[in-house]
Amino acid sequence: MLWSDHGFHLGEKETWEKFTLWEESTRVPFIMVAPGLAQVGARSDQPVDVMDSYRTLAELAGLEVDPVVGGECLVPLLHTPEMETGRAVVSRPPGRD
């Protein structure tokens, strides 16, 4: 599994931080390969959340997950990357819970 932070805005639209909801500050690289599951070169354009990492890794390892932990398991997308999930992923500014 590989993911990255989105970094800071460096002057885009006269902004010098990363507390915006623009695409540049909400999208990050997210790569997951599970031996025996993922198809070589497969790609999914379905929205996912970095919070999905824990549930996915726990299922792949055969571990139980506390139901209060957020995120969804991405194993079905590893099996069938072309599937449509119908899922929306929402980002909010900090402090707006």
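Residues numbered from 1 in each chain as written. Predicted model: local features only at pLDDT ≥ 70, side-chain atom pairs only at ≥ 80, totals over all residues. Heavy atoms only, no water.

Colleague: Tell me about the overall build of the protein, residues and numbers included.
Modeller: Helix and strand content of the protein: three helices and two strands. The order of α-helices and β-strands along the protein, N terminus first, is β-α-β-α-α. In the protein, which comprises 97 residues, the share counted as buried stands at 18%. Relative to all contacts within the protein whose residues are 6 or more apart in sequence, the contacts with residues 24 or more apart total 44%. Counting only carbon and sulfur atoms, one obtains 54% of the accessible surface of the protein, whose full area is about 7,400 Å². (Helix = DSSP H or I, 4+ residues; strand = E, 2+ residues; numbered from the N terminus. Buried < 20%, exposed > 50% of the residue type's maximum accessible area, 1.4 Å probe, protein only. Contact = heavy atoms within 4.5 Å. Areas by Shrake-Rupley, 256 points an atom, 1.4 Å probe, with all protein chains shown as cover.)

Colleague: Go over the environment of Phe19, please, and point to the residues and values.
Modeller: Note on placement: Phe19 falls in the loop between β1 (2-3) and α1 (23-26). For the pair formed by Phe19 and Arg92, sequence separation is 73 residues and the distance between their alpha carbons is 9.2 Å.

Colleague: Which residues make up the side chain of Asp52, and what values do they have?
Modeller: Of note, Asp52 is situated in helix α2 (residues 52-61). Sequence-distant contacts of Asp52, defined by excluding residues within four places in its chain, comprise Gly71, Glu72, Leu74 and Arg87.

Colleague: Residue-level account of the confidence of the model for the protein, with values.
Modeller: Overall, the prediction assigns the protein a mean pLDDT of 83, with 89% of residues at 70 or greater. Taken element by element, the predicted model of the protein shows its lowest mean pLDDT in α1 (71) and its highest in α2 (93). (pLDDT = per-residue confidence, 0-100.)

Colleague: So what about α2? Which residues, and what values?
Modeller: Where α2 is concerned, the buried positions are Asp52, Ser53, Arg55, Thr56 and Ala58. Of the surrounding elements, those touching the buried residues of α2 are β2 (30-31) and α3 (75-79). Directly beyond the C-terminal end of α2, a positive phi value near 75 degrees is found at Gly62.

Colleague: Tell me about the pattern of salt bridges, and name the residues and values.
Modeller: The final tally for this structure, using the stated rule, is three salt bridges. The shortest N-O distance in the salt bridge between Asp45 and Arg43 comes to 3.0 Å. Residue Asp45 shares its accessibility class with Arg43, and that shared class is exposed. Close ionic contact of Glu72 with Arg87 constitutes a salt bridge, the shortest N to O distance being 3.4 Å. Here Arg87 lies in the segment after α3 and Glu72 lies in the loop between α2 and α3, a separation of 15 residues in the sequence. Among the residues examined, Glu72 registers a relative accessible area of 42% and is labelled partly exposed. (Salt bridge = Lys/Arg side-chain N within 4 Å of Asp/Glu carboxyl O.)

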